[in-house]
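Listed below, chain by chain, are the residues.
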Amino acid sequence: MTDQAVNRDPVITALLAIIPESAISPLWTMSDGFNRHPLCELIGNMANPSPIARATIHAMRLVNQNEPEWMKALRNRILSNEFTTAAAALGEIRAYGTLVMAKLNPKPISQKGNPDFKIELDQQTIIVEVHTRQMDDAERAKLAAWANAAEAVAPCPGVSVYSSPSIPPFGEPDPAKPSDTVIGSRLKNISFKTKEPMCFG
Amino acid sequence: MLWLDLCSGPNSMLVDTSHALPFASRAGPIVSGALWAAVYGTCGLPIIEARAHGRHVIVPMGHNGKFRDSRTKLSGVIAACSDGVVLLEHPNPTVSLPQRFRNALLMLMDFKAERSVCAWGDDAEIVSRTVSIQEMSLHAIVQNLKRPPFLYQDSYASPTRIPDLEDQPPCC
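Residues numbered from 1 in each chain as written. Chains lettered and ligands numbered in written order. Predicted model: local features only at pLDDT ≥ 70, side-chain atom pairs only at ≥ 80, totals over all residues.

(A) Expanded view of the overall build of chain B. Across its full length, chain B holds 4 helices and 8 strands. Ordering the α and β elements of chain B from the N terminus gives β-α-β-β-α-β-β-β-β-α-α-β. Every one of the 172 residues in chain B was classed for burial, and the buried ones make up 44%. Taking contacts inside chain B between residues at least 6 apart in sequence as the whole, the part at least 24 apart equals 50%. (Helix = DSSP H or I, 4+ residues; strand = E, 2+ residues; numbered from the N terminus. Buried ≥ 20, exposed ≤ 12 C-beta atoms within 10 Å, placed from the backbone. Contact = placed C-beta atoms within 7 Å.)

As structure tokens, then:
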């Protein structure tokens, strides 16, 4: 952590001004078997954060500035032990940041179960529901099993044995279903976790 | 409006804005766009997926896309991917988006207008016409991929099909 502190990018410093380092520290040890906590996954390289990390932290600064009360609730969700809760909160922050940058003046709707934002435009109200698509539990478990498997033993000296997992993040295609492929299951599972009636059979 | 965040975890690497097109080649053979099919696709629409050695899997979509469901009240879907943002509008929305909403998205540095399907201007049917042209092109491409020299499979598990002689173009 000391080296990271020395080489820290200014964007990370901005994040730590909103969420204290003492709150983030315990997250570094968390894992679902393969993935780290979504916040740690996002900021991973503290010396050179990814473009997504930069955009998310910039959006977080906008939330903190414009909607401090909402930021308090978001902070708890970001630091949650539930990885899906934390990832969803980060997705909402990114959506808010993008809508603010488009000068659409989104207003968060905080009641549980409601859509996430309301935008008033030309006497019209646009309701925005944010959904952060994530890897499903079965694929997560499969990846964790691969990561924790015992190393393969080389059959003879001078030979190395490696294995690599094949994980379609939207679910493994079912060979028994004629319409299933990697893309087929991806488009079937892409979001649509709205309250609307589902159209997928 | 549904905001789809695909910037989390492995999705950030696997679904980019080219998936808002009906088909695209992403540094490799041509494949279907998952986002486009998920909203505009119909049951039976051919889905193209690339396999090794120049083969394709071409399977019928097993369900209707979101905008094909008459019960949906969505006016559009915004997908935020690692390489930018796209807007896919409903061809016949219950409530149309105000023009100012689309114009506001143009202010974003990473909004991919060229990959979005939007009702720019006053023509209310531009989205349905665009989708219909895209669908026709997709069907034409699939017909070509089922002819030599391409090899394809018609299910994920089936063996590769070598097109029959009658599939070949007539010899002059």
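(B) Geometry of the nonpolar core. One finds Trp3(B), Leu35(B), Ile78(B), Ala79(B) and Ala80(B) to be the most contacted residues of the largest nonpolar core, which totals 76 residues. The greatest single-element share of this core, amounting to 10 residues, is contributed by helix α7 (residues 83-101) of chain A. Apart from the residues within four sequence positions on either side, Ala80(B) is in contact with Arg94(A), Ala95(A), Thr98(A), Trp3(B), Leu4(B), Asp5(B), Leu6(B), Cys7(B) and Val85(B). (Core = buried A, V, L, I, M, F, W, Y, C linked by C-beta atoms within 7 Å.)

(C) Fine view of the packing of helix α6 (residues 68-78) of chain A against α7(A). Residues and elements named next belong to chain A. Where α6 meets α7, the closest approach of the two axes is 7 Å, and the angle between their N-to-C directions is 140°. Along its contact with α6, which presents Leu74, Arg77 and Ile78, the element α7 presents Thr85, Ala86, Ala89, Leu90 and Ile93. Per-class residue counts for the contact of α6 with α7 are 6 nonpolar, 1 polar and 1 charged. (Axes fitted to C-alpha atoms, helices over the stretch in contact; angles between N-to-C directions. Nonpolar A, V, L, I, M, F, W, Y, C, P; charged D, E, K, R; others polar.)

(D) Representation of the environment of Phe67(B) within the structure. Residues and elements named next belong to chain B. Inspection of the secondary structure puts Phe67 in the loop between β5 (55-60) and β6 (76-81). Exposure remark for Phe67: the 26 C-beta atoms within 10 Å place this residue in the buried category. As for Phe67 and Ser155, which are separated by 88 residues in sequence, their C-alpha atoms are 26 Å apart. The residues contacting Phe67, other than those within four sequence positions of it, are Val39, Tyr40, Thr72, His90 and Pro91.

(E) Representation of the sheet that holds strand β1 (residues 2-5) of chain B. What the 6 strands build is an open sheet, ordered β1(A)-β2(A)-β3(A)-β1(B)-β6(B)-β7(B); its pairing is mixed. Every interior strand has two partners, whereas the edge strands, β1 (107-108) of chain A together with β7 (84-89) of chain B, have only one. Bridge count for β1(B) against β6(B) is 4 bridges, and the pairing is parallel. Paired with Asp5(B) across the strands is Ala80(B), a residue of β6(B). (Pairing = 2+ DSSP bridges.)

(F) Looking closely at unusual backbone geometry. Residue Pro149(B) follows Pro148(B) across a cis peptide bond; omega there is 10°. Inspection of the secondary structure assignment puts Pro149(B) in the loop between α4 (126-145) and β8 (151-153). A positive phi is found at Asp122(A), a non-glycine position, where the angle reads about 50°. Within the fold, Asp122(A) resides in the loop between β2 (117-121) and β3 (124-132). Looking at Asp122(A), the number of C-beta atoms within 10 Å reads 10, which means it is exposed. We note that Gln123(A) has phi near 60°; this positive angle belongs to a residue other than glycine. With respect to the element layout, Gln123(A) can be found in the loop between β2 and β3.

(G) Molecular detail of the confidence of the model for chain A. Looking at chain A, the pLDDT average stands at 78 and 67% of residues meet or exceed 70. Scored below 50 in pLDDT, residues 191-201 of chain A makes 25 contacts in the model with residues more than four places away or belonging to other chains. (pLDDT = per-residue confidence, 0-100.)

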